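Here is what each chain is made of, one letter per residue.
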Amino acid sequence: MAGDLAVIDLAPPPDDYAQALLEGFAGPQRRIPCRFLYDDEGSRLFERITELPEYYPTRTEMGLLSAHAREIAKLAGPKVEVVELGAGASRKVRLLLDALEAPAGYLGIDVARTALTEACTALARDYKSMKVRALVADFTDVDRLPPPNGWRLAFFPGSTIGNFPPEQAAGLLDRWRRLLAGSDMVIGVDLQKDPSVLLPAYDDAAGVTAAFNLNLLARANREAGADFDLAGFRHVVHYEPALGRMSLYLESLRDQQVAIAGRPFRLDAGERIHTEDSWKYTLDGFRDLVTRAGFEHLRAWTDDRLRFSLHYLRGRL
Ligand SMILES: C[S@@+](CC[C@H](N)C(=O)[O-])C[C@H]1O[C@@H](n2cnc3c(N)ncnc32)[C@H](O)[C@@H]1O
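Residues numbered from 1 in each chain as written. Predicted model: local features only at pLDDT ≥ 70, side-chain atom pairs only at ≥ 80, totals over all residues. Heavy atoms only, no water.

Right, let's get into the pattern of salt bridges. Across all of its chains, the model carries 26 salt bridges by this definition. Notably, a salt bridge pairs Glu-41 with Arg-44, separated by 3.1 Å at the nearest N-O pair. One end of the pair is Glu-41 and the other is Arg-44, both in helix 2 (residues 40-49) and three residues apart, which spans about a single turn. The exposure class of Arg-44 is exposed, given its relative accessible area of 53%. Taking the shortest distance from any N to any O, the salt bridge between Arg-234 and Glu-251 comes out at 3.2 Å. With a gap of 17 residues between them, Arg-234 in strand 7 (residues 233-240) and Glu-251 in strand 8 (residues 245-252) connect regions that are remote in the sequence. A network of salt bridges, in which partner residues are shared, links Asp-16, Arg-35 and Asp-138. (Salt bridge = Lys/Arg side-chain N within 4 Å of Asp/Glu carboxyl O. Helix = DSSP H or I, 4+ residues; strand = E, 2+ residues; numbered from the N terminus. Buried < 20%, exposed > 50% of the residue type's maximum accessible area, 1.4 Å probe, protein only.)

Here it is as structure tokens:
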């Protein structure tokens with residue numbers, strides 16, 4: 001028998017992508033917001049990325065969660081409702097749920113409806129005593145999200161916080177801290193490291209990350225009345241060590257004209273569409289950021305190669 005699953009739909013309107021593309025193509029630096037990477041196809045490709053030999057973050061974060069789940073459970077206490085931001089396939093949270101004492105519930109939040117509802121259906125089946133809710137929503141839309149009803153443990157894995165520039169990241173964490181009424185948060189954060197490790201993680205030999213990035217254009221053709229020729233673009237990554245910022249682009253291979261929702265745009269050969277940033281932190285840098293966001297930083301765990309970090313934050317009212 002399946003457990004109890006409720007789906008709450010606060011998904012953005014169907015023309016959201018077309019509007020975002022028109023806005024992102026209005027200025028001299030063409031941009032596509034990275035949340036659009038995750039439609040059904042993008043979520044499937046992301047799951048393949050997590051298994052690539054070059055992509056160390058998922059394996060390393062799972063290792064940290066396995067090693068420290070008991071300590072996390074002690075800090076969190078019994079009967080918490082776990083709220084996961086950018087839940088995706090909700091694989092990592094199982095390591096927490098298995099360690100927590102009598103978790104009261106799980107609320108997964110993601111813009112990717114199919115991935116989220118499939119993941120939550122599986123959680124409801126496997127954790128029958130827990131109330132499972134799937135919230136299809138943009139987690140930056142904090143004001144539209146349901147207010148909390150009890151003690152919660154927020155879980156924000158995958159270094160998804162790295163998609164925001166540091167000041168925006170601090171602002172988002174601050175708004176989440178207020179919404180969660182001082183509940184604690186466990187957050188996974190990728191660390192600054194040698195570009196020889198970082199660059200292949202975003203530009204793998206099998207080309208899966210390139211396909212994930214190019215899927216933005218395929219999705220624009222499917223959903224936003226666009227006519228991108230995918231063969232006219234290539235996946236490009238760039239790391240700025242002084243900032244700790246990894247950037248992804250789609251570079252036009254020739255002078256070309258594209259249409260988006262019936263509007264024409266010119267792209268020159270070599271012109272880049274910015275599609276994602278992934279900011280990397282030092283341990284001290286991330287501790288400062290969460291302190292600015294109003295959290296008390298209780299613990300940080302890292303692997304022995306200092307590749308990835310997991311942090312336990314105590315929310316303050
Ligand atoms: C890097 S993946 C991480 C997935 C999973 N949590 C993990 O750690 O493997 C980012 C996830 O966040 C979701 N996401 C990205 N931006 C979002 C937003 N603004 N609102 C809600 N979900 C978002 C994506 O759909 C995707 O599932």
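A separate point is the sheet that holds strand 11 (residues 272-279). Read from one edge to the other, the open sheet built from three strands follows the order 7-8-11, with strand pairing classed as antiparallel. Looking along the sheet, the strands with just one partner apiece sit at the ends: strand 7 and strand 11. Along the sheet, successive strands turn relative to each other by an average axial angle of 20°, direction set aside. One ladder, built from seven bridges, connects strand 8 with strand 11; its direction is antiparallel. By the bridge assignment for strand 11, Leu-248 is matched with Glu-276. (Pairing = 2+ DSSP bridges. Axes fitted to C-alpha atoms, helices over the stretch in contact; angles between N-to-C directions.)

Before going further, it helps to spend a moment on the site of the ligand. In the region of the ligand, 17 residues are neighbours, and Gly-86, Lys-92, Asp-110, Asp-138 and Phe-139 sit closest. A distance of 2.6 Å separates an oxygen atom of the ligand from a polar side-chain atom of Lys-92. In the environment of the ligand, an oxygen atom lies 2.5 Å from a nitrogen or oxygen atom belonging to the side chain of Asp-110. Burial of the ligand by the protein chains amounts to 94% of its free accessible area of 590 Å². Residues belonging to the shell around the ligand are distributed by class as follows: eight nonpolar, four polar and five charged. (Near = heavy atom within 4 Å. Polar contact = N/O pair within 3.5 Å; in protein donor to acceptor, adjacent residues only side chain to side chain. Areas by Shrake-Rupley, 256 points an atom, 1.4 Å probe, with all protein chains shown as cover. Nonpolar A, V, L, I, M, F, W, Y, C, P; charged D, E, K, R; others polar.)

In this section: the pairing of strand 2 (residues 81-85). Across the five residues that make up strand 2, a large majority, five, are buried. In strand 2, alternate side chains face the same way, and those of Glu-81, Val-83 and Leu-85 on one face and Val-82 and Glu-84 on the other are all buried. With five bridges connecting them, strand 2 and strand 3 (residues 105-110) associate as parallel partners. Within the sheet, the bridge partner assigned to Val-82 lies in strand 3 and is Tyr-106. Once the chain exits strand 2 it traverses helix 4 (residues 93-99) before rejoining the sheet at strand 3, and the crossover so formed is right-handed. (Right-handed = clockwise from strand over helix to strand, strands pointing away.)

In this structure, Tyr-17, Leu-21, Phe-25, Ile-32, Phe-228, Phe-233 and Ile-260 are the most contacted members of the largest nonpolar core, which totals 38 residues. Of all the elements, helix 8 (residues 208-223) adds the most residues to this core, at six residues. Ignoring sequence-local partners within four residues, the contact set of Ile-260 consists of Leu-21, Leu-22, Phe-25, Ala-224, Gly-225, Ala-226, Phe-228 and Phe-265. Counting residues in each nonpolar core, the second largest holds 32 residues, with Leu-145, Ala-170, Tyr-281 and Val-290 among its members. (Core = buried A, V, L, I, M, F, W, Y, C linked by side-chain atoms within 4.5 Å. Contact = heavy atoms within 4.5 Å.)

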